[in-house]
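Examining the three-dimensional arrangement
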Amino acid sequence: LPASLGRGCLGRWLLATRGWALLGTGTGTGSCSCLRWRHQPPLLIRTARQSIGTQAGGLKAAKPGGDSKDVSVQRALNEETLVSAAQKVKEAGRDFTYFIVVLVGIGVTGGLFYVIFKELFSSSSPNKIYGDALEKCRSHPEIIGVFGDSIKGYGEATRRGRRQHVSHIEYVKDGLKHMRLKFYIEGTESGKQGTVHVEVKENLETGRFEVRYIFVDVETYPRRTIVIEDNR
Amino acid sequence: MEEYAREPCPWRIVDDCGGAFTMGAIGGGIFQAIKGFRNSPVGVNHRLRGSLTAIKTRAPQLGGSFAVWGGLFSMIDCSMVRMRGKEDPWNSITSGALTGAILAARNGPVAMVGSAAMGGILLALIEGAGILLTRFASTQFPNGPQLSEDPSQLQPPPFSD
């Protein structure tokens, strides 16, 4: 770019590199652009002077501001030592109460999370056993024959109509934990209803629950019982 | 007894929507009454009129947004129950997350993810509280049936194995 400007204009190319953009597109020959340059410099020098002027003004303005900042910091330090001991105790008491409230909130939230994780993810929760038993029911040919292909399962109905709670009983027999579950299945096409009874026993070696029996009571007129699994 | 014989799911949506609107309207009404009372000029008449105006304007808005949340949540919940075929706490948590995501859809994908996380966590907490309550209520009645024998529907156990 400097080469195209011609030798006479080299002296001012430093100032004018910004003004170059102001000139827009389309530079003609080197002499033509130099002519255009000659009109630009006064404007450029004025703007340059203005920018330097404002910078200097800014530097001057910063100093008294800086001084006042130092003064205000010192005043704050002096004021702090005058806070009485009673106010400190009150503030400490307030902070302590807030701390206790935060702790209680975290404790309650953590407890709720623990309950829901245990319910959903641990293999010994009634919900998990209900899910496994439902899968076994769905893949049993006799059940499919009675209820149809799509089977839905649900538990006890609560007041609002949500049927998520599966009724279960835990008891100890011969030193081992047993759990009995009862849930309902329904064929969506045939409309038949059935009650599934599951019992699981704790296996001490693996620590998980193993199925003892699963059977289904079908609500037809001659009551029918389909045994899915019997491991007694 | 008729309400136990019918399917809860489609009717549950209307139930939840209405219940959420009532909760939002009553809660919003109380809150706006106090706020309108305090933000009015001095004088009991002015204050009462101010709180009444605030209730009339703001409480239905809050009720409406609660109703949208409740209705959408119940719709997604019922759809999941229909799809999966079983009723689970997982349905509620996923429904909460999806509701949060859908209601923040105007603010872009990142806001949707954040809103979904909040909705899911909130519903997980509510489910945990519900489970705790049912467990607590069931331990109030310690006398269950004495179960020492297997039920009569099963045949006697096979002697081999």
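Owing to the predicted nature of the structure, the values given are computational and were not obtained by experimental measurement.

Calculation rules
- Here the residue index of a chain counts from 1 through its sequence in written order.
- Chain labels run from A onward and ligand labels from 1 onward, assigned in the order the entries are written.
- It should be noted that, the model being predicted, local features are given only for residues of pLDDT at least 70 and side-chain atom pairs only at 80 or more, the latter also being counted only at that level, while totals for whole chains, interfaces and linings use all residues.
- The side-chain quantities take in all heavy atoms of the structure and omit both hydrogens and water.
- Going along the chain from the N terminus, every DSSP run of H or I of four or more residues is numbered as a helix, and every run of E of two or more is numbered as a strand.
- Partly exposed residues are those whose accessible area sits between 20% and 50% of the maximum for their type, while under 20% is buried and over 50% is exposed, using a 1.4 Å probe and protein chains only.
- Residues count as neighbours in contact if any of their non-hydrogen atoms are within 4.5 Å of one another.
- The criterion is simple. A nonpolar core is a set of buried Ala, Val, Leu, Ile, Met, Phe, Trp, Tyr and Cys residues joined through side-chain atoms within 4.5 Å.
- Here a helix's expected span is defined as the number of its residues, less one, multiplied by 1.5 Å.
- What counts as buried area is the accessible surface, traced by a 1.4 Å probe, that two parts surrender upon association, with contributions from both included.
- One speaks of a salt bridge when a side-chain nitrogen belonging to Lys or Arg is within 4 Å of a carboxyl oxygen belonging to Asp or Glu.
- Whenever a nitrogen or oxygen atom comes within 3.5 Å of another N or O atom, the pair is scored as a polar contact, on the condition that within protein one atom can donate a hydrogen and the other can accept it, and that pairs from neighbouring residues in sequence are kept only if both atoms are in side chains.
- All residues other than Ala, Val, Leu, Ile, Met, Phe, Trp, Tyr, Cys, Pro, Asp, Glu, Lys and Arg, Gly among them, are scored as polar; the first ten of these are nonpolar and the last four charged.
- A patch is a set of surface residues, each over 30% in relative accessible area and not in a salt bridge, joined within 9 Å for like charges and within 5 Å for the nonpolar side chains Val, Leu, Ile, Met, Phe, Trp and Tyr.
- Calculation of accessible area relied on Shrake-Rupley with a 1.4 Å probe; when residues are assessed, cover is drawn exclusively from the protein chains displayed.
- Each residue carries a pLDDT score, the predictor's own confidence in it, on a scale running from 0 to 100.
- Note on ring pairs: Phe, Tyr and Trp rings are taken, using the six-membered ring of Trp, and paired if centres are within 6.5 Å. Classes follow the plane angle, with under 30 degrees stacked, over 60 edge-to-face and the rest tilted.
- A ring is considered to have a charge above it if a Lys NZ or an Arg CZ atom is located within 6 Å of its centre and within 35 degrees of its normal.

Within chain A one finds five helices and six strands. N-terminal to C-terminal, the α/β element order of chain A is α-α-α-α-α-β-β-β-β-β-β. Out of the 232 residues belonging to chain A, those deemed buried represent 30%. In chain A, the proportion of contacts linking residues at least 24 apart, taken out of those at least 6 apart, comes to 43%.

Residue and element names in this part refer to chain A. Formed by 23 residues in total, the largest nonpolar core has its most connected members in Ile143, Phe147, Phe183, Ile185, Val196, Val198 and Val216. Those elements that place two or more of their residues in this core are helix H4 (126-138), helix H5 (141-147), strand E3 (176-187), strand E4 (193-202), strand E5 (209-218) and strand E6 (224-230). Considering each element in turn, this core owes the most residues, five residues, to H4. If we skip the residues at most four places from it in the chain, valine 198 touches Ile129, Ala133, Met179, Arg180, Leu181, Phe183, Tyr213 and Ile214.

The terminal C-alpha atoms of helix H4 (residues 89-103) of chain B, which comprises 15 residues, lie 22 Å apart, in line with the 21 Å expected from a rise of 1.5 Å per residue. If you check which residues of H4(B) are buried, you get B:Pro89, B:Asn91, B:Ser92, B:Ile93, B:Ser95, B:Gly96, B:Thr99, B:Gly100 and B:Ala101. In this structure, the buried residues of H4(B) make contact with helix H3 (85-121) and H4 of chain A together with helix H3 (44-84) and helix H5 (109-138) of chain B.

Before going further, it helps to examine the interface of chain A and chain B. Contact with chain A, which involves 39 residues of that partner, is made by 37 residues of chain B. Roughly 3,400 Å² of surface becomes buried between chain A and chain B when both sides are summed, with 56% attributable to carbon and sulfur atoms. Interface area lost by chain A to chain B is led by A:Leu112, A:Gln164 and A:Arg232, which between them contribute 19%. At the boundary of chain A and chain B, one finds one salt bridge. B:Arg135 is paired through a salt bridge with A:Glu119; the nearest N and O atoms lie 2.7 Å apart. Where chain A touches chain B, the interface holds five residue pairs in polar contact (both at pLDDT 80 or more). At the level of elements, H3, H4, strand E1 (151-154), strand E2 (167-173), E3, E5 and E6 of chain A are the ones that each hand at least two residues to the side of chain A that touches chain B. Element by element, the count of residues in the side of chain A that touches chain B is highest for H3(A), at eight residues. Residue composition of the side of chain A that touches chain B, grouped by class: 16 nonpolar, nine polar and 14 charged.

Residue and element names in this part refer to chain A. A cluster of nonpolar side chains, contributed by Phe96, Phe99, Ile100, Leu103, Val104 and Val108, occupies part of the molecular surface with about 580 Å² of accessible area. By secondary structure assignment, the location of leucine 103 is in helix H3. Take leucine 103: its relative accessible area is 45%, and that puts it in the partly exposed class.

Bringing the confidence of the model for chain A into the picture now. Residues and elements named next belong to chain A. When pLDDT is averaged along chain A, the result is 72; 62% of the residues meet or exceed 70. Looking over chain A, one finds the lowest element-wise mean pLDDT in helix H1 (residues 13-23), namely 47, and the highest in H3, namely 91. Confidence drops under pLDDT 50 across residues 13-17; counting only partners more than four residues distant or on other chains, this segment forms six contacts. Across residues 19-35, confidence stays below pLDDT 50; counting only partners more than four residues off in sequence or on other chains, it has 18 contacts.

Below, the discussion takes up the packing of aromatic side chains. Tallying each qualifying case throughout the model produces seven aromatic pairs over all chains. Centroid distance A:Tyr130 to A:Phe183: 4.8 Å. Interplanar angle 75°. Geometry classified as edge-to-face. One end of the pair, A:Tyr130, is in helix H4; the other, A:Phe183, is in strand E3, with 53 residues separating them in the sequence. Looking at A:Phe183, the relative accessible area reads 0%, which means it is buried. A ring pair is formed by A:Tyr154 and A:Tyr184, whose centres lie 6.0 Å apart and whose planes are at 35°; its orientation type is tilted. Of the two residues, A:Tyr154 sits in strand E1 while A:Tyr184 sits in strand E3, which places them 30 residues apart along the sequence. A relative accessible area of 21% means that A:Tyr184 is categorised as partly exposed. Taken together, the aromatic side chains of A:Phe113, A:Phe117, A:Phe121 and B:Trp90 make up a single cluster linked through ring pairs. Geometry around B:Phe37 places B:Arg47 over its ring, the cationic atom sitting 5.6 Å from the centre. One residue, B:Lys86, lies across the ring of A:Tyr130, its end atom 5.7 Å from the ring centre.

Here we take up the pattern of salt bridges. All names here are of chain A. Under the counting rule described, the total for this entry stands at nine salt bridges over all chains. As a salt-bridge pair, arginine 138 and glutamate 135 come within 3.4 Å of each other at their nearest N and O atoms. Remark: glutamate 135 and arginine 138 occur in helix H4; sequence separation between them is three residues, near one turn of the helix. The closest approach of N and O atoms between arginine 180 and glutamate 199, which form a salt bridge, is 2.8 Å. One end of the pair, arginine 180, is in strand E3; the other, glutamate 199, is in strand E4, with 19 residues separating them in the sequence. Each of the two residues, arginine 180 as well as glutamate 199, counts as buried. Taken together, the shared-partner salt bridges connect Arg180, Glu199 and Arg212 into one network.

This part is about the side chain of B:Thr99. Tracing the sequence through the fold places B:Thr99 in helix H4. With residues up to four places along the chain from it excluded, the contact list for B:Thr99 reads B:Trp69, B:Leu72, B:Phe73 and B:Ile76.

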